[in-house]
Amino acid sequence: MVKMMERNLDGRELLASTLVWSAVALVTATFCWLLGDIIWHALSHITWTFLTTPPRNAGREGGIGSILISTTLILGVCLGVSVPIGLGTAVLLAEFTTDDSLFGRLTRRSLDVLSGVPSIVFGLFGNAFFCKTLGLGFSILSGGLTLACMVLPILIRSTEEGFRAVPTGYRLSAAALGLSRTTTLVHLLLPAAVPGLLVGLVLGMGRAIAETAALIFTSGYVDRMPESLLDSGRALSIHIFDLSMNVPGGDANAYASALVLVVLLLAINGTASWLAEHWLRRRIVTI
Amino acid sequence: MRPSTPIPGIQPWVSLEERPACCVPKPLIDVDQLSLHYGQKPAFHNVTLSINQGCITALVGPSGCGKTSFLTSLNRLTDLIPGCRLSGRILLDGLDVLAPHTDVIRLRRRVGMIFQKPNPFPLSIWKNLEFPLREHGLRDREQIAINIQTVLRDVGLWDEVKDRLHSPALALSGGQQQRLCMARALVLSPEVLLMDEPCSALDPLSSGVVEDLIVGLRSRYTVLIVTHNLAQARRIADYAALFWVQNGAGQLIEAGTAKQIFEEPRDPLTAAYVSGMRG
Amino acid sequence: MISLGSNTSSRWQTDQLLLWLLRGVAVIAGTIVLLIVTFLAMEAFPVLRHVGITRFFTDPSWHPAEGLYNLTPMLWGTLFATVGSVLIATPLGILSAVFCHYYAPPAIARPYRRLIELLAGIPSVVYGFWGLVVLVPLIGAIRPPGPSLLAGIVILTIMILPTIALMANASLTNVPQQYVRGAAALGLSRWATIRGVVFPAAKSGLFTGVILGTGRAIGETMAILMVCGNVVQTPDSLFSPIRTLTANIALEMAYALGDHRAALFVSGLVLMAMIAALVAAADWISHGRVHG
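Because the structure is predicted, anything quoted here is derived from the model rather than measured. (Residues numbered from 1 in each chain as written. Chains lettered and ligands numbered in written order. Predicted model: local features only at pLDDT ≥ 70, side-chain atom pairs only at ≥ 80, totals over all residues. Heavy atoms only, no water.)

When you go through chain C residue by residue, the secondary structure sums to 11 helices and 2 strands. Helices and strands appear in chain C in the N-to-C order α-α-β-β-α-α-α-α-α-α-α-α-α. In terms of its C-alpha atoms, chain C occupies a principal-axis envelope of roughly 70 × 65 × 35 Å. Partitioning the intrachain contacts of chain C with sequence separation of at least 6 by distance along the chain shows that 72% fall at a separation of at least 24. Summed over all atoms, the accessible surface of chain C reaches about 11900 Å², with 69% contributed by carbon and sulfur. Taken as two groups, the 16 positive and 10 negative side-chain charges of chain C have centres that lie 17 Å from each other. (Helix = DSSP H or I, 4+ residues; strand = E, 2+ residues; numbered from the N terminus. Contact = heavy atoms within 4.5 Å. Areas by Shrake-Rupley, 256 points an atom, 1.4 Å probe, with all protein chains shown as cover. Lys, Arg positive; Asp, Glu negative; His and termini not counted. Charge placed at Lys NZ, Arg CZ, Asp CG, Glu CD.)

Right, let's talk about the pattern of salt bridges for a bit. The full count for this structure, using the stated rule, is 26 salt bridges over all chains. Between A:R109 and C:D283 there is a salt bridge, with the nearest N and O atoms lying 3.2 Å from each other. In this pair, A:R109 is assigned in helix α4 (residues 102–116) and C:D283 in helix α11 (residues 258–286), connecting two distinct chains. In the salt-bridge network here, residues are joined through shared partners; they are A:R12, B:E135 and C:R195. (Salt bridge = Lys/Arg side-chain N within 4 Å of Asp/Glu carboxyl O.)

Once that is clear, we can look at the layout of surface pockets. Taken as a whole, the second largest pocket holds about 860 Å³ of empty space. Lining the second largest pocket are 26 residues, with B:L80, C:H101, C:Y102, C:V180 and C:R190 positioned closest to its centre. Per-element accounting of the lining of the second largest pocket gives the leading share, 4 residues, to helix α3 (residues 72–103) of chain C. Counted by class, the lining of the second largest pocket contains 17 nonpolar, 5 polar and 4 charged residues. (1 Å grid on protein atoms, 1.4 Å probe; cavity = no way out; pocket = protein on both sides within 12 Å on 5 of 7 lines; lining within 4 Å. Points joined across faces, edges and corners; volume = space filled by probe spheres on them. Nonpolar A, V, L, I, M, F, W, Y, C, P; charged D, E, K, R; others polar.)

All names here are of chain A. In the structure shown here, the tally under the stated rule is 6 cavities of 30 Å³ or more. By volume, the largest cavity amounts to about 60 Å³. As for the largest cavity, its lining consists of T71, I74, L75, L147, A208, I209, E211, L215, A235, L236 and S237. Elements with a minimum of two residues in the lining of the largest cavity: α3 (65–96), α8 (181–210) and α10 (236–246). With 3 residues, α3 is the largest single contributor of residues to the lining of the largest cavity. When the residues that make up the lining of the largest cavity are grouped by side-chain class, the tally is 8 nonpolar, 2 polar and 1 charged.

A word on the nonpolar core. The biggest cluster of nonpolar side chains holds 228 residues, and the ones touching the most others in it are B:F121, B:L152, B:M182, B:M195, B:I214, B:V223 and C:I36. At 14 residues, the largest contribution of residues to this core is made by helix α6 (residues 149–173) of chain C. In terms of domain composition, this core takes at least three residues from each of domain 1 (2–45) and domain 2 (49–286) of chain A. Core analysis: the second largest hydrophobic core is formed by 34 residues, B:L34, B:C84, B:L92 and B:M113 among them. (Core = buried A, V, L, I, M, F, W, Y, C linked by side-chain atoms within 4.5 Å. Buried < 20%, exposed > 50% of the residue type's maximum accessible area, 1.4 Å probe, protein only. Domains from an automatic or database assignment.)

Moving on to the pairing of strand β1 (residues 27–38) of chain B. Residue and element names in this part refer to chain B. By the bridge criterion, 8 bridges tie β1 to strand β2 (residues 41–52) in an arrangement that is antiparallel. The residue bridging L34 from the neighbouring strand is V47, located in β2. In this structure, the hairpin formed by β1 and β2 is closed by a connection of 2 residues, where G39 is found at a positive phi of approximately 60°. (Pairing = 2+ DSSP bridges.)

The next thing to look at is the pairing of strand β6 (residues 111–114) of chain B. Residue and element names in this part refer to chain B. A two-sided burial pattern is seen for β6, the buried positions comprising V111 and M113 on one face and G112 and I114 on the other. Pairing analysis gives 4 bridges linking β6 to strand β7 (residues 192–196), with the strands arranged parallel. Residue pairing across strands places I114 opposite M195, the latter belonging to β7.

All names here are of chain B. If you trace the backbone, L107 turns up in helix α2 (residues 104–110). The spacing of L107 and T270 is 163 residues in sequence and 33 Å in space, taken between C-alpha atoms. Leave out the neighbours within four places in its chain, and L107 touches L74, N75, R76, L92, L95 and V97.

Take the interface of chain C and chain A next. If you look at the interface, chain C gives 79 residues, while chain A gives 82 residues. Each partner contributes to the roughly 6900 Å² buried at the junction of chain C and chain A, and carbon and sulfur atoms together form 79% of this total. Counting across the interface, chain C meets chain A through 3 salt bridges. Residues C:R190 and A:E13 are paired through a salt bridge, measuring 3.8 Å at the closest nitrogen-oxygen approach. It is helix α1 (residues 6–51) of chain C that provides the largest number of residues to the side of chain C that touches chain A, a total of 20 residues. Residues of the side of chain C that touches chain A, tallied by class, amount to 57 nonpolar, 10 polar and 12 charged. (Buried area = accessible area lost by both parts, 1.4 Å probe.)

A word on the domain arrangement of chain A. Residue and element names in this part refer to chain A. Domain assignment breaks chain A into domain 1 (2–45) and domain 2 (49–286). On the domain 2 side, the residues contacting the 8 residues of domain 1 number 8 residues. Of the roughly 690 Å² buried between domain 1 and domain 2, counting both surfaces, carbon and sulfur atoms make up 80%. When residues of domain 1 are sorted by the area they lose upon contact with domain 2, I38, A42 and H45 head the list and together hold 61% of the total. Applying the counting rule to domain 1 against domain 2 returns 0 salt bridges. Taken together, the connections running from domain 1 to domain 2 amount to 1 residue pair in polar contact (both at pLDDT 80 or more). Here the side of domain 1 that touches domain 2 is built from residues that sort into 5 nonpolar, 2 polar and 1 charged. (Polar contact = N/O pair within 3.5 Å; in protein donor to acceptor, adjacent residues only side chain to side chain.)

All right, on to unusual backbone geometry then. The residue after C:P144, namely C:P145, is reached through a cis peptide bond having omega 10°. Among the structural elements, C:P145 can be located in the loop between α5 (124–142) and α6.

With that out of the way, let us pick up α6(C). Taking 1.5 Å of rise per residue, 25 residues should cover 36 Å, and α6(C) covers 35 Å from first to last C-alpha, within 8% of that figure. Taken as a whole, α6(C) carries its principal kink of about 35° at C:I160; the proline C:P162 stands between one and four residues after it. (Expected span 1.5 Å × (residues − 1). Bend = angle between axes of the 7 residues up to and from the residue.)

Now for a nonpolar patch on the surface. Together, C:W76, C:L79, C:F80, C:V83, C:L87 and C:I88 line one region of the surface with nonpolar side chains, adding up to about 550 Å² of accessible area. Judged by relative accessible area, C:I88 falls into the partly exposed class, the value being 40%. (Patch = residues over 30% accessible without salt bridge, like charges linked within 9 Å, V, L, I, M, F, W, Y side chains within 5 Å.)

Centre-to-centre distance and the angle between the planes together describe a pair of aromatic rings. Under the criterion given, the structure shown has 17 aromatic pairs over all chains. Both rings, one in A:W21 and one in C:F99, keep their centres 4.8 Å apart while their planes meet at 85°; by these two values the pair is edge-to-face. Pair noted here: A:W21 is in helix α1 (residues 9–42) and C:F99 is in helix α3, and the two residues belong to different chains. For C:F99, a relative accessible area of 0% corresponds to the buried category. Here the aromatic rings of A:F125 and C:F39 are separated by 6.1 Å at their centres, their planes lie at 80°, and the arrangement is edge-to-face. Of this pair, A:F125 sits in helix α5 (residues 119–133) while C:F39 is found in helix α1, placing the two residues in two different chains. Using a relative accessible area of 8% as the deciding quantity, one classes C:F39 as buried. (Phe/Tyr/Trp six-rings, centres within 6.5 Å; stacked < 30°, edge-to-face > 60°.)

By the secondary structure assignment, A:N127 is in helix α5. Residue A:N127 is classed as buried on the basis of its relative accessible area of 5%. Not counting the four nearest positions on each side in its chain, A:N127 is found in contact with A:K132, A:F138, A:F217, A:T218, C:M253 and C:R261.

In this section: the side chain of C:E252. Residue and element names in this part refer to chain C. When you line up the elements, E252 lands in helix α10 (residues 245–252). Within the structure, the side chain of E252 is placed 2.8 Å from the side chain of R243, a separation counted as a polar contact. In terms of polar contacts, E252 uses its side chain to reach the side chain of H260, at 2.6 Å. Setting aside anything within four residues of it in sequence, one finds E252 in contact with W62, P64, R243, H260 and L264.

Another aspect to go through is the environment of B:P25. All names here are of chain B. Residue position: P25 is located in the segment before β1. Residue P25 is classed as exposed on the basis of its relative accessible area of 57%. For the pair P25 and L74, spaced 49 residues apart in sequence, the C-alpha to C-alpha distance is 20 Å. Once residues lying within four places of it in the same chain are set aside, the contact partners of P25 are N52 and Y239.

Printed below as a string of structure tokens:
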């Protein structure tokens, strides 16, 4: 047949390798710079007093005690509302609807859209619905409920994964024993799907803790210790935002708060991927 | 030897003597004391074998005796498997295949391979053939078109696909996919073709078509074929080599002309294996 | 009707009860999107009625206090920042995934993937903060003022890179090993295999990752608010400050009243429309309607 031209393949191959390695070096360097910078500036500030005392002088002094309490309360409201709804929806989608049923398709599609909604839009919605229409005002409750809407898709998706990971044989043999679907669900499927639920829970927690934009006009800015769920409370992420943007001289405490937030999130995401790998035996992409 | 009795459904064997002489027996590949380990586990041990140019050599033997591993070491596809170690020597027309400085890309162009499961790329039929040609430096569009048409005719696929050359290759039937894979190997005009049970994933009809193609390659290419189908080996091969697991590793038991292996096996294992086929 | 034992019938009732309970809950989950759109539309309605849609694009400027509602500078801001970051993050993210699969020794691939996962978990306010205290002064030293489109693009790039890289990684994992073996057997080089075989096979996953990343870039608020300077203007260079649609909402919502507030909800609707278009695009791709 035809003689082919010999050509230097090494040039292109070398170029590709160089590109790949430099991309990786760039990403790694940026990451180290970012994390290194935060740790470097923050480490000396983080003490037990910092974590427990409330902020003073607009946050320049004092700690983040009340902020952590508010954050926890917002998170509690968020999960308290979203977990039952998410679990119920996931059970319905995984166990009681077929993939091509209209109801299932519509729900899934709407959750897909929900997962893409920008957080600031959740903020607008929360402000209009929870704060104004339901009359909850700027409060921990409004913020938590807004975040609940936001974490639902992620919670439902991984819980559903958990149910789908349960072998079909379980359901068939339970049905063959004449067990009701409720019994099957409670005694057989739910325990088996716990890992998926946990992964969803942890991922949702991470999403909620990281959130800022959805909370500015729902849970508000007040940095005092909240007395009830109807008080306004400042979340950790908002605290960082406020210190760095609106408080001159707040950088030191902003760094320290940022490190606390990053460490919390790394712990949460680490737990999620550990759970996913060891219990669920499948990888969940944490995005 | 007992006279052979035809198995129902398979054509009576052509007597080996009646086969056209494929070639002057001139070794193209010399394998010397070749061993392969996956980690600590040996796949085959101390294989020494010559493969003659322009002939079809069949590698037979039970599953797990290292035939496929042997095949993939000839084009150094073993490089892709982490923890895989080769020792010994392979000479391809004087080229030291296993030497670290050997250009594996050029080597693999000279030694084509067909896999058990057809593996066309998820591209169009045309792109499946054009892409390797371009990567190996053929840029002339007209020449590319001529080459592609020639190989598609060679594998008897041209009339079947000429109207849908730009549709996805994965939409072809299994037999057509395998012939496309043969075309893809042939379009690079290799000297040697390695075939790893090329018919075993196909239905009997497609399998027959592919087998005829392989026979048509005789004398133009040096073909090594791994097969579990002894009847097929007997139908198409000029030379045969029997692998067997001994002491936990694959060993070459006996090699020779197909006539000798199938009709006058020297080793009792060969005799047993070959007669096993005769039932 | 066949008569059932009382036990069986009560069990049947429990099942029905459970089913309706689940349906109720799922309806709540499924209607949140509708609720969001409804409330955005309701809040936006007054201004849409007085002012009309066209004035959001034709007014001379964005001065809501004076009744001028031109959103185009913010739209350009969002567009430039998004396109810029997607253009940079896509190659970096995909090359990162390629690295993990085809270039890195196993001892490096795993930690590197972990690192990308860590990056994905860092909250946007921390990226914004780092941008504000490190990146902005750096850019300001090269060309003042510092807070700029460029800073926004860099921060967004870092933020969406993990999204793209993780999706790309997942889709490369799904490329059948036999393609790679087939390509090696044809004597194709590593890069030729990746470009000619792996990318086409992983195409739809790669696209989906880019679309997810784009969605994240469009919706990002805090980080971009912190580094972009927030001047309402159509940027004329990489170094000019910009304001995006999202930042605009975050900045003005606190004090906006009446038509001004309604105008912010209009920008919320615009964002929703962009996201809906992206979801539709992702859907179209994942149904394999993209062929090379």
